[in-house]
Amino acid sequence: MPDAAAMPDDVTILDDAAMIERLQRGAFAYFTSYANPENGLIADTSRVDSPCSIAVVGFALSCYVVAVRRGWLSREDAALRTLKAVDFFWRSANSDRADATGYKGFYYHFLDMHSGRRVWQCELSLIDTALLLAGMLCAACFFDADSEPEAQIRRLVHDLYRRADWRWAQNDSGTLAQGWKPEGGFLHYGWEGYNEATILYVLGGGSPTHALPPSSFAAWTITYQWENLLGRNILYSGPLFTHLFSHAWLDFRGIRDEFMREAASDYFENTRSAIAIQREYAARNPRGFAGYGADLWGVTAGDGPGPDEMQSSGRDRRCFGYMSRGVPYGPDDGTIAPWVMAATLPFDADSALRGTRSLLARYPQVLRDDQFTSGFNPSLTEQATGWLSEGCYGLDQGLLVMMIENQRTGLIWQLMRGCAPIRRGLRRSGFAGGWLDDVA
Amino acid sequence: MSLERVKTGAAAGDQDNYLRRVHPAGWHNPTPRAQYDLVIVGAGPAGLAAAEAAVRLGLSIALVERACIGGNSLNLGSVPLKVLVRSGNLLAGMRDAVRYGVAHTGTAQADLGAVMLRMRRIRSRIAEVQSVERLRACGIDVFFGEARFAGKNRLQCGTQQLKFRKALVATGARPKATTIPGFERIGYLTSATIFDGDALPGRLAIVGGGPLGCELAQTLARLGSQVTIVQNEPKFLPLEERDAAEILSRSLARDGVVTRLNTTVVGVRECGGRRWLDTVSNGAKNSIAADAIFLGIGRTPNVEELGLEAALVDYAAHEGIKVDEHLRTTNPHIYAAGDVCLRHKFTNVAQASARLAVANAFAAKRRRQPHWLIPRCTHCDPQIAHIGMHVRQARQRAIAVHSFTIMMQDVDGAIIDGTDVGFVKIHVRAGSDEILGATVVATRASDMINELSVIMHGNIGMRRLADILHSYPAQSDAIRLAAVAWRALHGSAVPPAPVRRAAKAAAAART
């Protein structure tokens, strides 16, 4: 352990590089603290009895790669952790039984941490499977040595990716179903507008066995709107995470699909616009929430107070509990995600740093053991600290680790640029230009 | 004024006046002429608009109505419901008054009986201008009774036969029935029956998340019912865009409506003295207890019992009467207009189509049905209005669109009023300033969309719109601000706006 002098309580006194390193390492600690070493599964949240979220496993697999590069895990340790997880999924029950782990190469959103079987009658989740597979493919790209564990990781990931039956998941329609349940079949909420699912369609398009036709991505993107909002052009989606999830793996700089070619933008630039809109909205602060400002922003999906009305600074506010928040269209109940400003580092480092610093200087309680809480609402004054989410969420921590690394070294982006399924899927979805045109 | 005075003071005559205007008691149909230039079947918005147009042409007219002059719009639909919406909005405003520094003693609450009295008074008042008396004064022969075509140019109304040169079928539509088990046996409310009673249902389950279901859900929840709304689809108002529908979802929830999206009703039953709505959502079964069930799943055209076969008029049960681009049916002497033949079942379209049908029936040169540019509005709080193309429709036709959005929270007029939820979104053809469509979500979106209707009908582009003065402060200034955002993006090097005729005239008047 570093000595106490090098680990001050107040991270804001550190210079930018040191502060970022601290935050990244703090976030990474989630994946060693809330893992089941027997099967490689990672808990959804730090709360007692939290089940595993398969998406969090996908983030974990990518974060192990970062940890090796940072010297926080040995390559062997990281490879073994990775192998545990991919081996678990390869051997897991993949059938239409209600208590299986997955079906048709996709997996249930939440799994029992020990048995690895479906809990809560949750859905077989397409997007969460995509995030899991993205993490697996990232690991397969990184672990390129001839050693048996690393070779085995690559073989298993190859097979796991080939097993996912994307054509089945289309349920005879243009777009993908959002999920499936053994009790009621496919869930289809309709695809309307942009969201975090780009990586889902890219992975589906890149499949060597059950590739989605290009028309599938087009059937989704036909619902996009190019919008001028708060003075910025944007392909809007409210919650900030939707502008970050696919981007954690995919380097969208310079590559464009048909929509972005027409709009003369790209998905990297679009995330910059989303950040600018978040900042502008927070500066205007139409609902008068405490804390909000150009350097304190970050409305996204996450834990929150509520659902009951809570008293706040003499005004009644309605709060929403865990939900997908977004601005400027709402919903916004004054809850921000304290981690999300730092997660935008690779897109707008200056805004991310200023925001994170101002948050930590004003509300140091959002950071516990160097880990950001999922949600924070300073408008609610029942407690002196404002409302703070209990514990941490794996998705938040994973995204933060990856995005900070993309800012520092571009490691994940670089690995994924060389990932054949990703390149294939992007091209099949109509992406071209930039690094995608380079010979792999 | 106390609530009691409202009730007792409301002339018992309101209802009498109303009936006298829309369907007088003891009415005797006139003796028919040997032949009418135009026989109109149905005296709803389409029939009345047709009658008015025909009067202007100096035609002899018979107007046949089986129920009440004014049709659904006045008697069962738009007008009565919007009166309730107004009371609900007022009540919500009173509960919110303290935010404006305004206190009132006691608890604001609604008395549905008094609300219904007001509704009847308003209905009566609106009925006056289209009353039987006035129609007769215009020379129109008004017949009450069931009508049936008895041949290609004859209509049977009771024992009387009306011969016509031309006829217009404007029988409208009625609430769509359902085949879901239990509904017919247990009974349910529709827009045709909901305004009969004076008591608010304790627990109301609404099936259908279209405009009617949403307006009713929010209003009755505000007035005091416990409302659950069940919608088969992923969002309310499936015709509207995501951002609008999501704001509506939240505003329903804010007012205490329990919302159930992606939920299918599979049956209704009675058990333990209660009604239960059985639902399935993503494979999970559920039951909703209710005292009353409202069914609002769309409208079905009134084509039955009209003897359309005898008149050689083709129709289909769901799509209604088949008309060509001139609104002519398969019988060249019979036209149709409004809900009975059109997909867009709106009062304004019904009226416009009726005027066109009458013109086509009697003019030497027929005009085609245009692509109606229809402003429409759902009267929830905030209201949700749309005109023209949706982005998705444009993109499906390979038209690139750039949408310019102004959030109401950034509009001074809305901030001042404390009604700053919503937005104005104007869809512009990329690379030009042509407005293709617009969505407005705002407290008075029903009025704002009419400004956009004028703008679009007047072919005013974003460039000119940015320079059109609006009163300040006003919510509708959001429309101008969207154009200002367009101009900001397209640079200051915009060519000067063309001199408008009105401005020229004004300049001439000054000299």
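This text goes with the structure placed above it.
Just so we're clear, the structure is a prediction, and the values are computed from it rather than from any experiment.

Conventions we followed
Residues numbered from 1 in each chain as written. Chains lettered and ligands numbered in written order. Predicted model: local features only at pLDDT ≥ 70, side-chain atom pairs only at ≥ 80, totals over all residues. Heavy atoms only, no water. Helix = DSSP H or I, 4+ residues; strand = E, 2+ residues; numbered from the N terminus. Rg over C-alpha atoms; globule rule 2.2 N^0.38 Å. Areas by Shrake-Rupley, 256 points an atom, 1.4 Å probe, with all protein chains shown as cover. Lys, Arg positive; Asp, Glu negative; His and termini not counted. Charge placed at Lys NZ, Arg CZ, Asp CG, Glu CD. Axes fitted to C-alpha atoms, helices over the stretch in contact; angles between N-to-C directions. Left-handed = near helix turned anticlockwise from the far one by under 90°. Contact = heavy atoms within 4.5 Å. Nonpolar A, V, L, I, M, F, W, Y, C, P; charged D, E, K, R; others polar. Core = buried A, V, L, I, M, F, W, Y, C linked by side-chain atoms within 4.5 Å. Buried < 20%, exposed > 50% of the residue type's maximum accessible area, 1.4 Å probe, protein only. Domains from an automatic or database assignment. Pairing = 2+ DSSP bridges. Phe/Tyr/Trp six-rings, centres within 6.5 Å; stacked < 30°, edge-to-face > 60°.

### Considerations on the overall build of chain A
Secondary structure assignment for chain A yields 15 helices and 17 strands. For chain A, the C-alpha radius of gyration of 21 Å lies close to 22 Å, the compact-globule estimate for 440 residues. Overall, the C-alpha framework of chain A stretches about 60 × 50 × 45 Å when taken along its three principal axes. Accessible surface computed for chain A: about 15400 Å², of which carbon and sulfur atoms make up 48%. Side-chain charges in chain A split into 41 positive and 52 negative, and the spacing between the mean points of these groups amounts to 3 Å.

### Re the packing of helix H3 (residues 75-91) of chain A against helix H5 (residues 148-163) of chain A
Residues and elements named next belong to chain A. Interhelical geometry of H3 versus H5 gives an angle of 30° and a closest axis separation of 9 Å. When the axes of H3 and H5 are compared, the crossing they make is left-handed. Packed against H3, whose contacting residues are Arg75, Ala79, Thr82, Leu83, Val86, Asp87, Phe89 and Trp90, the element H5 presents Pro149, Glu150, Gln152, Ile153, Leu156, Val157, Asp159, Leu160 and Arg163 at the interface. Its residues assigned to classes, the contact of H3 with H5 comprises 10 nonpolar, 2 polar and 5 charged.

### Description of the nonpolar core
In terms of nonpolar packing, the biggest core is built from 190 residues, with A:Phe31, A:Phe59, A:Phe89, A:Leu200, A:Leu203 and A:Trp249 touching the most fellow members. Each of two domains, domain 1 (27-224 + 410-440) and domain 2 (234-408) of chain A, supplies a minimum of three residues to this core. Excluding residues that lie within four positions of it along the chain, A:Phe59 makes contacts with A:Phe31, A:Leu131, A:Phe245, A:Ala248, A:Trp249, A:Leu395, A:Gly398, A:Leu399 and A:Met402. One finds B:Val22, B:Ala147, B:Leu306 and B:Leu308 within the second-largest nonpolar core, a separate group that totals 63 residues.

### Some points on the sheet that holds strand E12 (residues 274-281) of chain B
Residues and elements named next belong to chain B. Read across the open sheet, the 3 strands follow the order E11-E12-E13; overall the sheet is antiparallel. The open sheet has two free edges, formed respectively by strand E11 (264-271) and strand E13 (284-290), since each of these has just one partner strand. Here the strands of the sheet are splayed against their neighbours by 25° on average, with no regard to which way each runs. The pairing of E12 with E13 spans 7 bridges and is antiparallel. Across the sheet, Ser281 pairs through a bridge with Ala284, a residue of E13.

### Digging into the packing of aromatic side chains
Applying the stated criterion to the full structure yields 42 aromatic pairs over all chains. Between A:Phe88 and A:Phe89, the aromatic rings sit 5.0 Å apart at their centres with planes inclined by 80°, giving edge-to-face as the arrangement. When sorted by exposure, A:Phe88 lands in the same class as A:Phe89, which is buried. Here the aromatic rings of B:Phe183 and B:Tyr188 are separated by 5.5 Å at their centres, their planes lie at 70°, and the arrangement is edge-to-face. A relative accessible area of 1% means that B:Phe183 is categorised as buried.

### Re the sheet that holds strand E9 (residues 226-230) of chain B
The strands making up a sheet associate through backbone hydrogen bonding, with each pair oriented either parallel or antiparallel. Residues and elements named next belong to chain B. With parallel pairing, the 4 strands of this open sheet are ordered in space as E10-E9-E8-E14. At either margin of the open sheet sits one strand with a lone partner, and together these are strand E10 (258-260) and strand E14 (292-295). Across this sheet, the average inter-strand angle for adjacent strands is 15°, counted without regard to direction. With 3 bridges connecting them, E9 and E10 associate as parallel partners. Paired with Ile229 across the bridge in E10 is Thr259. Across the sheet, helix H9 (residues 211-223) touches strand E8 (203-207), E9 and E14, and the angle it forms with E9 is around 165°.

By themselves, these figures tell us nothing about what the structure is for.
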